[in-house]
Amino acid sequence: MVAVTSEKVPTDLEPIFRSRPNLSPEERALVQRAYHFAAEAHRDAKREGGEPFITHPVAVAQILADLRLDTPTLAAALLHDVVEDVEGIEIEHIERDFGAEVARLVDGVTKLKKLPTSTEAMKSGKAGDREAETLRKIFLSMNNDIRVVLIKLADRLHNMRTLGHLPPERQIKKARETLDIFAPLANRLGIWQIKWELEDLSFRYLNPEKYREIATQLAARRAEREAYLETVKARLAKEISALGIPNVHISARPKHIYSIYRKMERKRIPFDQVYDIHALRVIVPEKVQCYQVLGVVHSIWRPVPGEFDDYIAAPKNNFYQSLHTAVVDDQGKTIEVQIRTPEMHEQAEYGIAAHWRYKEGAAHDKAFEEHLRYLRQLIEAATEGVSPADAQEFVSVMRSDVFQNRVYVFTPKGDVIDLPSGATPIDFAYYIHTDVGHRCRGARVNGVQVSLDYRLKSGDRVEIITGKRASPSLDWLNPSLGYIRTSRARSKIKAWFKRVGRENNIALGREVVDRELRRLGLSTKPREEVAALFGFAKVDDFLAAVGYGDISAPSIATKVLEADRKAQREAAAEPLAPSAEAPTRPVNASAGIDIMGDSGMLITLARCCNPVRGDPIVGYITRGKGVTVHRADCPNVINSLESERFINVNWGSSVERAYPVPIVITAYDREGLLRDIGAVAANESINIAELHVQTRNSIASITLTMELESLDQLSRVLAKIEMLPNVIEARRRVV
Ligand code: MN
């Protein structure tokens, strides 16, 4: 029996062979062997989506077959993941079974996979180094064999097509990397076909809302658009045929979602305006005919000034060639026209990969070599005497403009975070973690404290100072204040205020208010009354404002005590006559009150109105007692008829105790307790008078009078005393 040598083609490979019908039997055999080797190696492996792993290398090979890459590339594409992913398969196996060329390609792709992680590459502390490092690696491998990079691009393209199976964080990360590195790389290599698909796929994950919006609008108006373009094409075809040029191809150029989006953003125009720009492509056999067609186009429609570009005479640096023009039709619609030859078209669509499409025609190898030489110059710029500055330069050459609109900053650990330019520490905080954003209170950049609206710069090392609890500020949402740049931060802050914020703030505010009232010995005071003091009609609004931090605990104490004093004064308002000689408490003459025209007089504070530092005051000359100081609005002053006895007084510049507050402290008695309380008061420069201690069942009840500079000290000093060991409670004593 004769051995059967022509093995049946596996179903998986049929589309690849359909794309490359002219392969020799040996070439087909190589591809088939590579397929069987890979299928066996990956036989137990599944992709994230659940399908057999072999579908991935097959799809990668298919992309390359459509670009018409050679068979060693197709074989290497089928084998590209085996060394990396399969235990026990070394590059030597590939070399033994498939030869040095295929092995070199597989090895190149395997090494490219080990792209630097952010931390490792960022140690140098320069933003952009990671990208520089990644691109440098890619270009170095390209220097060995450009086909390695083409396999890598095809690999990335298929992974992007199947990105839906990955968890969202990885989708975003991959999409970002693709848009920042691989799409610009495809552009640099001139492979438009891969570039636009990578861009659209990335955009779909990075900005799904906008993507869907544009896609929906495109679909809705497709029929209308196609009908219009048909009439335009017919008109142009008729005019060109008058020139007698054979083999003219006129086609409508498809619009890519990402490029529409970019145009909307760049020109700040709505979808309709971008969409109304129609695009045609004309392909004619000879270069000279391109210029003839240009003349026709400009004779039918009115050219738009400044829109004509001759990329035939002056090719773009990725070797793109075409004539570009834009014209306006009778209805005022703009039509963009590209005119090129089939060779230029191949170059435009497939870039450097076009080389393999013309392998037989040596003429095209010249362009290929030129392209390679150009790319090598880029590599040299990046690898010769590698300094950070060179790396930066290299990246700036490579970057798309998308790339340039971002800043790269570091976490304290050295991880790189990329943010849109104009981003602030708050954007950074929300990028790290929503909770970090909510608790963000301040930031240090490169060790120096900055304001929260600081604009981050590439290379900044950012450290977020967080508070204990979440409390984003409403100001952050105010666009004119410029606190945030990213929509992520905006939506997180909004969500917080919507859901958690108010409830939390009310609960927190209630805690603060109740504690404050208890300290002031006013536990029974209705919260409504306190809210009213601050002008709030609804208690919850007041509590929310307290919880949010708009109203501080000390200011509650101050307001409540002032209101209390006012009420007491009014209740105690006495008839005038001897009133100015009403009970007073003596204050040292240096008590921080300046008396116009005189000094060294005995000064006392009137007991009727208890003036506190900051109150408007007047002095009243009392027989034998010196000067009594009243509040300017004291009824006794206002009603007094003895105007000659009043003198101007001012609160002096020296800080003095002016306000006595009786305090009661409850504590488990211990040695040194009084000393500790004294220390707290001393730290606040508060004088203590009239101290009494009563101990019963080892519970000490300490009453004392604190002479405060101002009322807002009270809350703070009570809180500090309560933090002392053994202290149960410190509050104002209500007499
Ligand atoms: Mn792969």
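Residues numbered from 1 in each chain as written. Predicted model: local features only at pLDDT ≥ 70, side-chain atom pairs only at ≥ 80, totals over all residues. Heavy atoms only, no water.

1. A few points about the overall build of the protein
When you go through the protein residue by residue, the secondary structure sums to 30 helices and 21 strands. Counting only residues that meet the buried cut, the protein has 50% of its 735 residues in that class. Counting only contacts in the protein whose residues sit at least 6 apart along the sequence, the fraction spanning at least 24 positions is 67%. Accessible surface, the protein: about 35900 Å² in total, of which carbon and sulfur atoms supply 50%. (Helix = DSSP H or I, 4+ residues; strand = E, 2+ residues; numbered from the N terminus. Buried < 20%, exposed > 50% of the residue type's maximum accessible area, 1.4 Å probe, protein only. Contact = heavy atoms within 4.5 Å. Areas by Shrake-Rupley, 256 points an atom, 1.4 Å probe, with all protein chains shown as cover.)

2. A closer look at the coordination of the manganese ion
Ideal donor angles around a metal are set by the shape: a four-donor tetrahedron calls for 109.5 degrees, a six-donor octahedron for 90 or 180 degrees. Distances from the manganese ion to its protein donors, His56 (NE2), His80 (NE2), Asp81 (OD) and Asp155 (OD), fall at 2.2 to 2.5 Å. For the manganese ion, all donor residues lie on one chain, and their spacing in sequence is H-x23-H-D-x73-D. Remark: Asp155 occurs in helix α9 (residues 146–161) and His80 occurs in the loop between α4 (71–79) and α5 (82–85); sequence separation between them is 75 residues. Accessibility expressed as a relative area gives 0% for His80, which makes it buried. We classify Asp155 as buried; its relative accessible area is 5%. (Donors = N, O, S within 2.8 Å, 3.2 Å for Na, K, Ca; no water.)

3. Comments concerning helix α13 (residues 222–241)
An ideal rise of 1.5 Å per residue puts 28 Å on 20 residues; α13 measures up with 28 Å between its terminal C-alpha atoms. For α13, the full list of buried residues reads Arg225, Tyr228, Leu229, Val232, Lys233, Leu236 and Ile240. Buried positions in α13, seen along its axis, are confined to an arc of 140° and lie on one side of it. Exposed residues lying more than 90 degrees from the buried face of α13 are Ala223, Thr231 and Lys238. Residues of α13 that are buried sit in contact with β1 (249–252), α15 (271–275), β2 (278–283), α16 (287–300) and β6 (334–340). (Expected span 1.5 Å × (residues − 1). Arc of directions from axis to C-beta.)

4. Observations concerning the sheet that holds strand β20 (residues 699–708)
Here 4 strands make up an open sheet; going across it, the order is β19-β20-β18-β21 and the pairing antiparallel. A single partner strand is all that each edge strand has here, and the edge strands are β19 (687–696) and β21 (727–732). Adjacent strand axes in the sheet meet at a mean angle of 15°, parallel and antiparallel pairs treated alike. Across 10 bridges, the pairing between strand β18 (residues 659–668) and β20 is antiparallel. Note on β20: the bridge partner recorded for Val664 is Thr703. (Pairing = 2+ DSSP bridges. Axes fitted to C-alpha atoms, helices over the stretch in contact; angles between N-to-C directions.)

5. A short note on unusual backbone geometry
Positive phi, close to 50°, is recorded for Asn247, a residue that is not glycine. Asn247 gets classed as exposed once you look at its relative accessible area, which sits at 60%. Located in the positive-phi region is Asn446, a residue other than glycine, with phi close to 50°. Along the chain, Asn446 falls in the loop between β9 (440–445) and β10 (448–450).

6. Structural notes on the pairing of β2
The element β2 is largely enclosed, with a buried count of 6 among its 6 residues. Residues His278, Leu280 and Val282 line one face of β2 and the alternating positions Ala279, Arg281 and Ile283 line the opposite face, and both faces are buried. Bridge count between β1 and β2: 4 bridges; the pairing is antiparallel. By the bridge assignment, Ala252 is partnered in β2 with Leu280. Bridge analysis of β2 against β6 gives 6 bridges, and the strand direction is parallel. Within the sheet, the bridge partner assigned to Ala279 lies in β6 and is Glu336.

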